[in-house]
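# Descriptive analysis of the structure
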Amino acid sequence: MPKRAKKEAPAGEEGGECGHEGALRWSPMDPNGSQWVPMGPNGSQWVPMDAGAAGGAKRRREAAVPFPEETPLREVAPSGKRWGMRLVTWNVAGLRAWLRKGGLQWVQDEAPDVLCLQETKVGASAVPPELRELRALPHQYWASPEGRPGYSGVGLLSRQPPLRVTYGIDDPEHDPSARVLTAEFPSLFVVCAYVPNAGRGLGRLEPRRRWDAAFRAFLQRLDARKPVAVGGDLNVAHTELDLRHPGANRRSPGFTEEEREGFGAILAAGFVDAFRCLYPGLPHAYTFWTYLGGARERNVGWRLDYFLLSERLRGALCDCKIRAKVMGSDHCPVELYLAV
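A brief report on the enclosed structure follows. (Residues numbered from 1 in each chain as written. Predicted model: local features only at pLDDT ≥ 70, side-chain atom pairs only at ≥ 80, totals over all residues. Heavy atoms only, no water.)

### Here's the deal with the pairing of strand S9 (residues 189-194)
The condition that has to hold: Think of it in three bands: with a 1.4 Å probe and only protein chains considered, a residue is buried below 20% of the maximum accessible area for its type, exposed above 50%, and partly exposed in between. Here a helix means four or more residues in a row that DSSP labels H or I, a strand means two or more in a row labelled E, and each is numbered from the N terminus. Note on pairing: two strands pair once DSSP finds at least 2 bridges between them.
With 6 of 6 residues buried, S9 lies mostly within the body of the structure. The alternating pattern of S9 places Phe 189, Val 191 and Ala 193 and Val 190, Cys 192 and Tyr 194 on opposite faces, both of which are buried. Both strand S8 (residues 180-184) and S9 contribute to a ladder of 5 bridges, which runs antiparallel. Looking at S9, one finds that Glu 184 is bridged to Phe 189.

So this is what it looks like as structure tokens:
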């Protein structure tokens, strides 16, 4: 397959909207669309893009597009301060499987100050000893759904002891599902979140909409006290740029208008999508790939994992990196660098 020329960054997008200088490097755009594409993050399957072309046609895998080219770390924030806090969020799709696949080794090598984990699938008493004995992150907090320790679950691990840790979002409908942990530090709150999926056939779309409203209100209450950094699997691709095939997924969980509007309402309430703040038009930057059909090898993915920041932390934002090549789960880790 011949090599494609790299697309130049559109005028006005070289430094994003966060006060950083320096042009972004861009990867090749989508190849010619194939007839068959994988659907979204909730039980993917092959479906035709053009039903009229499907009859008798041979199913073809679409060509791959590269992961975005990694750029040097932006070490200094617009405020002029160098980063002093590194946070990582990662949906591990089961702690035990993640350990077998080498995820912990990457964490040890990167040495974050705070680690937010989602979909741990273990109760607090069953956390593997390899994690319990992690000396670099000795302050550990775990939550799992009431009566369902092998389902969902979140963990927050920290190098320094938080001032206070709370569980849930102060909402009786959603707190039993144990999807949020919040650690208060001197300069900010760190929220680890695993947002519920809208379900097959969008059967849980209405509960998801109620969750979005309750979660937004919770974040606003925190933000009234001190700045907030949210790290987690937020289970939504906000814009068409955030998944490979927006046209085929208009009513798929994670890309409905309702879920996208709920995410947009959080931003409108005074929060910033850290990655898009720095890389507003960067294509093919995904954090989730279904295991079906070789989706990860071809980079047919979704951006579901985020760091959100209080607007007043914009000046402290150094960088936000999607580590798409790091294995261990069907999601990859996302890193946040703050000058706080």
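### Concerning the sheet that holds strand S11 (residues 271-273)
Where we set the bar: For helices, the fitted line uses only the C-alpha atoms of the stretch in contact; every axis is such a line through C-alpha atoms, and the angle between N-to-C directions lies from 0 to 180 degrees. Whether two residues are in contact is decided by their heavy atoms, any of which lying within 4.5 Å being enough.
Strand order in the open sheet formed by 6 strands is S7-S8-S9-S10-S12-S11, and the pairing between neighbours is mixed. At either end of the open sheet lies a strand with only one pairing partner, and these are strand S7 (164-167) and S11. Between one strand and the next, the sheet's axes are offset by a mean angle of 20°, whatever the strand orientation. Relative to strand S10 (residues 228-233), S9 runs parallel, the two being bridged by 6 bridges. Each bridged residue has a counterpart across the sheet, and for Val 190 the counterpart in S10 is Ala 229. Together, S8, S9, S10, S11 and strand S12 (305-310) form the strand contacts of helix H5 (residues 205-223), whose direction differs from that of S9 by roughly 170°. Sheet contacts for helix H6 (residues 257-268): S11 and S12; angle to S11, the most-contacted strand, approximately 120°.

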